[in-house]
Amino acid sequence: MTGWTLAYDAFVPEEEGLREALTSTGNGYVCARGTAEWQDVGEVHYPGTYTHGGLNRETTIVGGRAVLNEDLVNLPNWLVLKLCIEDDEPFRLDNVEILNYRHEYDIRLATVSRTLRFRDRSGRVTTLASRRFVSMAQRHLSGIEWVITPENWSGRVQVITALDSRVTNSGVSRYQQLEGRHLDPLLPRTFGPDVIGLKARTRHSQIHVGQAARTCVYDAAGVPLDVERKLFQMEDYIHQTVSFRVSERTPVRVEKMATLFNSRDHAISEPLWTAAKTASRASTFAEAYESHARSWGELWERCDVDVPGDERVQLLLHLHISHILQVCSRHTTDLDAGVPARGLNGEAYRGHIFWDELFIYPFFNYRLPEVTRSLLMYRCRRLDEARASAADHGYQGAMFPWQSGSDGSEETQVVHLNPLSGRWDPDLSHNQRHVNASIFYSIWHYYQATDDMEFLSRYGAEVMLEITRFWASAAWFNPERERYEIHGVMGPDEFHEKYPGASEAGLRNNAYTNVMVAWLAEVAVKMLELLPVRRRRRVQDAIGLTDGEIQTWDDLSRRMYVPFHGDGIISQFEGYEDLDEFDQELYRQKYGDIKRLDRILRAEGDTPDRFKLAKQADTLMLFFLFGDSELKKIFDRLGYGYAEDTARKNIAYYAARTTHGSTLSYIVHSHTLAAVDETASWEMFLTALESDVGDVQGGTTAEGIHLGVMAGTLDVLQRGYLGIDSSGDLLRFSPRQVARLDGVSLLMRFRDSVLRVSIRGDRLVVSRVDDSSHPIWVSVDESIQHTRAGQSHEFVLHR
C-alpha cells in the first residue's frame, strides 16, 4: 500500500474473497465486488452486484420449520468478459502460467485494476490490463477497459462479453442451507449490433432489473476495429462473441460500457429499454472516466481528512472514506434507502439495516448532511410499520425492528447457525429494543448539527415522540424502588440474551437502555418546545399526545432505575454482579481467537449468559454517546451520583471483560479511552483501522465490509480526538491526542457554515470558509470566539 493505492503483487486464492470486498466499486446507487471479469463464481471468486432496496423474501424449511428471510439480492452479473486466444478455452488464472500479477485499487477514484502477464499452453505470452469503475457522475453507468498486448505472437482472439442472471445468493457460507434463488429470468435481447440486454425480476418483491452493455474494440490510436460478432442467448443469459485479429507487440483496447436500472427508478418507462438506450448513448470509457474523476474530486474536497503525521493511518482513513461514499452518496438522497450494516458489496447480514447507522451518521452530518437526512427518511417512512409492531407486542407508540429491510418489519432470524457446532440455535436478538433509542439519538443529533427545523418539524419530531411513547409504555413503575424499570430486553452486548437457566428471554434494567430512555424522555419534552407553535399543535393532535403523557415523560427522565454494583460500577443489567467471572486467558490458550465466545461456549454445551462477559461495548456506549458533563447532568437529574472517576472506573472494569466480537467495539473503546488513557485509545484506534483490511474477524470482511467501523474510525477522530460537539448553541472542541494529530486538517459543516479545522503544533485553528452572513460561536476548552465568514481563530491547546 502506498499513497492512495491498495495493491497486491501476487494472486493468493485464500485472500481473494477479502480483496474482492475491499476493492469493490460503487457510487451510492449500485456497488460491484472487485472480482476479476474473467472469473466465474466458485470456491475462490464471488462476483456480486447490489443496489439499495434490492431485497427479496424467500422461505426455507430448516429442521421441519419454515424460516422466512429477506435478502439483499445478488443482481445479474454484468462483469463477464472472457478472453480466448485462437480456438483455446477462455483464459483463467488456473489454466495459464502467471508471469506477473498486480491487483490495484485506486482509493481516490474507486477504480479496480489488474495487470497480468501470462504464458498459455501454446507458449504465447500475453499482457492483459483491466480497469473498471462505477460512475460517480452517472449513477446508472459503469465501465470496463481491457488492453490486450500479444508479446510474442499474432493471431485471432475472441472476447466473450455477457450478462448473466443465473446468479444466486451464495456468498456467505453459514447461509448455504437457506434459499438463495431470488431472480426469475424474463428477457434477453439485442439492441443494434453492439448492445446486448437482459431483464430479470426478483421472485417475491417483483423488482424488475434491466441491464445492457455495449462492447467496442479499438486499436492503439483509438480507431474502431473491424470485428465479427456472434450471439448466444438463453432465457437467463446472453453473450456476444467479438472476434478480431491482433499483431505482436501491438495493444488493442476493449471497452464494455454497462448500465443498470430497476423498476423503482425515477423518470424511466421500463428498465431494460432505458438501460439499452443509455448504453447505446454512453460516451467512451475515457470520457466517462473523466466525468467520474471530476465527481470524485468534488467529494474529496468536502470529505477528505488529512493526517500527515502517519502514512498508514492516512491511507486507511482514505480507504474508509472511499467505501462510505460508495455505499451512500448524493446518488442515495432520492432513494428509499437505509444504511446496510455491511455495505453494498456482500451478503452478510442480508443487507439489513441495524443500529450501525448510529456510527455512520456523524461522518455525514458534518460533510454531506443531505445524505443523513435521506437515510433518516428511510426510518420516517416506516413509522406506521413501527406503530403496528408496537401494538402487536402490547405497547404504545412506535417500536422499530432490530433488523430492518424493505418495509420496516422485523427481519431478525428466529434461528442462527453456529458454524462451530453446526447447530441452528434460537436467535433472540430481536429483543435489542435499544435500536429505537439510537434512532431517536440520530434524529436529534442531525438536527443539532444542521439546524434543519423543516425536517424536524415535518418528519423527525413525530418519530421521536412515538419512540418516547413506546418507551413510556414499556417502562413500569416499581413502588418499592419508586423508580421505573424496563424488563425483557437485550443490550448491545449480544452475549447475554436471558438469565442463566431462565426460560423467558430478555434481561431486567439494561443500564444503557434505561439511561438512554431517561435522556430521550427529557429531550422529547424539550424538542416539543422548540417546534413552531402551529406545528407543535398539529403533531400533538395528529398522534393524540396528551399533557398527561408529557408529564409521565418528565417523570421518566427523573426516576428511571439504573443498577449499580460495588465501587461506583454501573451494572450492565440487573443481576450482572451475580454472574461468574470467566477465565479468558485459559480459553485463549485453548482456542486462540475468543472474540466469538458465544459460539465457542454453546458448541461446548455452555452459555455466555452465566459469565461477566461482553461481546462488545454495552454500558460503555453511554460514555461513547455522551460527554462527561452531559452524563453527569443525566445522572444528577436521576438522583444518582456521578463522580470524577466514574468514567475511568467503568471503562477499566468493562474493558477487562469485553472480547470485541464486533468490530464496533473497537470504536467505542477507542473513543472512551481517549479521556483516560491516550496510549491505549490510540492502540484500539489502530486496531479499528486495520479491522477490515486485515480481516481481524477471520473471514467476515469477504462477506461485506463493516461500514459502521469504517465510519466509526472517522468519528473517533472528529468526536473522540478533536472533541467536536454540536449538541448546544456552541460548536465545541476538546482536543486530545494533540501530539499524534499535529497537522491534521478537515473540512466540516456546522449548520449553514463551512469550517476548516486543523491542528498546528499547540494550536487549534478554526477558519470560516463559507460566505454565510450568520455568525457562530466556537468554543475550545474555556475559550469562546464569535466567528463570521472569512474569519480565522487560533486557540492555544493545553496538552
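For the structure, check the block above.
Rules of the game
Residues numbered from 1 in each chain as written. Predicted model: local features only at pLDDT ≥ 70, side-chain atom pairs only at ≥ 80, totals over all residues. Heavy atoms only, no water. Helix = DSSP H or I, 4+ residues; strand = E, 2+ residues; numbered from the N terminus. Rg over C-alpha atoms; globule rule 2.2 N^0.38 Å. Buried < 20%, exposed > 50% of the residue type's maximum accessible area, 1.4 Å probe, protein only. Contact = heavy atoms within 4.5 Å. Areas by Shrake-Rupley, 256 points an atom, 1.4 Å probe, with all protein chains shown as cover. Lys, Arg positive; Asp, Glu negative; His and termini not counted. Charge placed at Lys NZ, Arg CZ, Asp CG, Glu CD. Axes fitted to C-alpha atoms, helices over the stretch in contact; angles between N-to-C directions. Parallel < 35°, antiparallel > 145°, perpendicular 65-115°, else oblique. Left-handed = near helix turned anticlockwise from the far one by under 90°. Nonpolar A, V, L, I, M, F, W, Y, C, P; charged D, E, K, R; others polar. Pairing = 2+ DSSP bridges. 1 Å grid on protein atoms, 1.4 Å probe; cavity = no way out; pocket = protein on both sides within 12 Å on 5 of 7 lines; lining within 4 Å. Points joined across faces, edges and corners; volume = space filled by probe spheres on them. Phe/Tyr/Trp six-rings, centres within 6.5 Å; stacked < 30°, edge-to-face > 60°. Lys NZ or Arg CZ within 6 Å of the ring centre and 35° of its normal. Polar contact = N/O pair within 3.5 Å; in protein donor to acceptor, adjacent residues only side chain to side chain. Salt bridge = Lys/Arg side-chain N within 4 Å of Asp/Glu carboxyl O.

## Topic: the overall build of the protein chain
A tally of regular secondary structure across the protein chain gives 20 helices and 34 strands. Taking 28 Å as the expected radius of gyration for a compact globule of 799 residues, we find that the protein chain reaches 27 Å, a close match to that expectation. On the principal axes, the C-alpha backbone points of the protein chain span a range of 90 × 70 × 60 Å. Across the 799 residues that make up the protein chain, the buried fraction comes to 62%. By sequence separation, contacts in the protein chain at least 24 residues apart represent 68% of the contacts at least 6 residues apart. Here the protein chain has roughly 29,200 Å² of accessible surface; of this, 46% comes from carbon and sulfur atoms. Within the protein chain, one finds 89 positive and 113 negative side-chain charges whose respective centroids are separated by 3 Å.

## A closer look at the packing of helix H9 (residues 453-474) against helix H12 (residues 547-559)
Between two packed helices, the angle of one axis relative to the other and the distance separating the axes together describe the packing. Interhelical geometry of H9 versus H12 gives an angle of 70 degrees and a closest axis separation of 10 Å. With respect to each other, H9 and H12 are oriented roughly perpendicular. When the axes of H9 and H12 are compared, the crossing they make is left-handed. Contacts from Leu465, Thr468, Arg469 and Ala472 of H9 reach H12 at Glu549, Trp553 and Leu556. Here the residues of the contact of H9 with H12 are counted per class, giving four nonpolar, one polar and two charged.

## Quick notes on the pairing of strand E14 (residues 195-202)
Burial runs high along E14: seven of the eight residues are buried. Bridging between strand E13 (residues 183-190) and E14 involves seven bridges; their strand directions are antiparallel. In the sheet register, Arg189 faces E14, and the bridge partner there is Gly197. Hairpin geometry of E13 and E14 is characterised by an intervening segment of four residues between the two adjacent antiparallel strands and by a positive phi of about 80 degrees at Gly192. The turn linking E14 back onto strand E15 (residues 208-218) is made up of five residues, and Gln206 within it adopts a positive phi angle of 60 degrees.

## A few points about empty space enclosed by the protein
With a probe scaled to a water molecule rolled over the atoms, the places where space remains empty come into view. Enumeration over the complete set of coordinates arrives at four cavities of 30 Å³ or more. If you add up the space inside the largest cavity, you get close to 90 Å³. Lining the largest cavity are 13 residues, and of these Asp71, Asn169, Tyr175, Glu179 and Glu347 sit closest to its centre. Quantified by volume, the second largest cavity comes out at close to 50 Å³. If you trace the second largest cavity, you find it lined by Val30, Thr49, Trp78, His140, Ser142, Ala258, Thr259 and Leu260. Examining the composition of the lining of the second largest cavity, we find that three residues originate from one element, strand E18 (residues 252-262), more than from any other. In terms of residue class, the lining of the second largest cavity is made up of four nonpolar, four polar and no charged.

## Side note on the side chain of Thr713
Structurally, Thr713 can be placed in helix H20 (residues 707-721). The residues touching Thr713, leaving out its near neighbours within four places in the chain, are Leu317, His320, Ile667, Phe685, Ala688 and Leu689.

## A word on the sheet that holds strand E34 (residues 792-796)
One open sheet accounts for five strands, arranged E19-E29-E30-E31-E34; its pairing is antiparallel. Taken across any chain shown, the strands that pair with only one partner, and hence form the sheet edges, are strand E19 (305-306) and E34.

## Describing the packing of aromatic side chains
Summed over the entire model, instances satisfying the criterion amount to 40 aromatic pairs. Relative to Trp402, the ring of Phe354 lies with its centre 5.6 Å away and its plane at 90 degrees, an arrangement referred to as edge-to-face. Of this pair, Phe354 sits in the loop between helix H4 (311-327) and helix H5 (357-365) while Trp402 sits in the loop between helix H7 (383-392) and strand E20 (415-417), and the two are 48 residues apart along the sequence. When the ring of Tyr576 is compared with that of Tyr654, the centres are 5.9 Å apart and the planes differ by 50 degrees; the resulting orientation is tilted. Taken as a pair, Tyr576 in the loop between strand E27 (569-570) and helix H13 (584-591) and Tyr654 in helix H17 (residues 646-655) lie far apart in primary sequence, 78 residues in all. For Tyr654, a relative accessible area of 2% puts it in the buried group. An aromatic cluster of three or more residues is present, and its members are Tyr349, Phe354, Trp355, Phe359, Trp402 and Phe624. Sitting above the plane of the Tyr561 ring, Arg481 keeps its charged end 4.0 Å from the centroid. Just above the ring of Phe624 sits the side chain of Arg719; from NZ or CZ to the centre is 4.8 Å.

## Quick notes on unusual backbone geometry
The backbone of Ala267 shows a phi angle near 60 degrees, a positive value even though the residue is not glycine. Judged by relative accessible area, which is 84%, Ala267 ranks as exposed. Backbone geometry at Asp451 places phi at a positive 60 degrees, although glycine is not the residue there. Residue placement: Asp451 occurs in the loop between helix H8 (434-450) and H9.

## A few points about the environment of Met234
The residue Met234 is located in strand E16 (residues 228-234) in this model. Classification of Met234 by relative accessible area gives partly exposed; the value is 34%. Put simply, Met234 and Gly397 are 163 residues apart on the chain and 51 Å apart in space, counted from C-alpha to C-alpha.

## Digging into the side chain of Ser772
Of note, Ser772 is situated in the loop between strand E31 (763-768) and strand E32 (776-780). Given a relative accessible area of 13%, Ser772 falls into the buried group. Engagement of the side chain of Ser772 in a polar contact is seen with the backbone nitrogen of His774, the distance being 3.1 Å.

## Looking at the sheet that holds strand E3 (residues 30-32)
Judged by pairing direction, the sheet is antiparallel, and its three strands sit side by side in the order E2-E3-E4 without closing on themselves. Sheet topology places strand E2 (25-26) and strand E4 (49-51) at the edges, where each strand pairs with a single neighbour. The sheet contact formed by E3 and E4 spans three bridges and is antiparallel. Across the sheet, residue Ala32 finds its bridge partner in E4, namely Thr49.

## Regarding the pattern of salt bridges
Taken as a whole and assessed by the stated rule, the structure comprises 67 salt bridges. Across the pair Arg203 and Glu58 runs a salt bridge, and its minimum N-O distance is 3.5 Å. With a gap of 145 residues between them, Arg203 in the loop between E14 and E15 and Glu58 in strand E5 (residues 55-62) connect regions that are remote in the sequence. The exposure class of Glu58 is buried, given its relative accessible area of 14%. Lys649 is the salt-bridge partner of Asp645, the closest N and O atoms lying 3.3 Å from each other. When its relative accessible area of 24% is taken as the criterion, Asp645 is described as partly exposed. Through salt bridges with shared partners, a single ionic network connects Asp384, Arg387, Glu462, Glu466, Arg469 and Glu549.

Taken by themselves, the reported measurements are silent on function.
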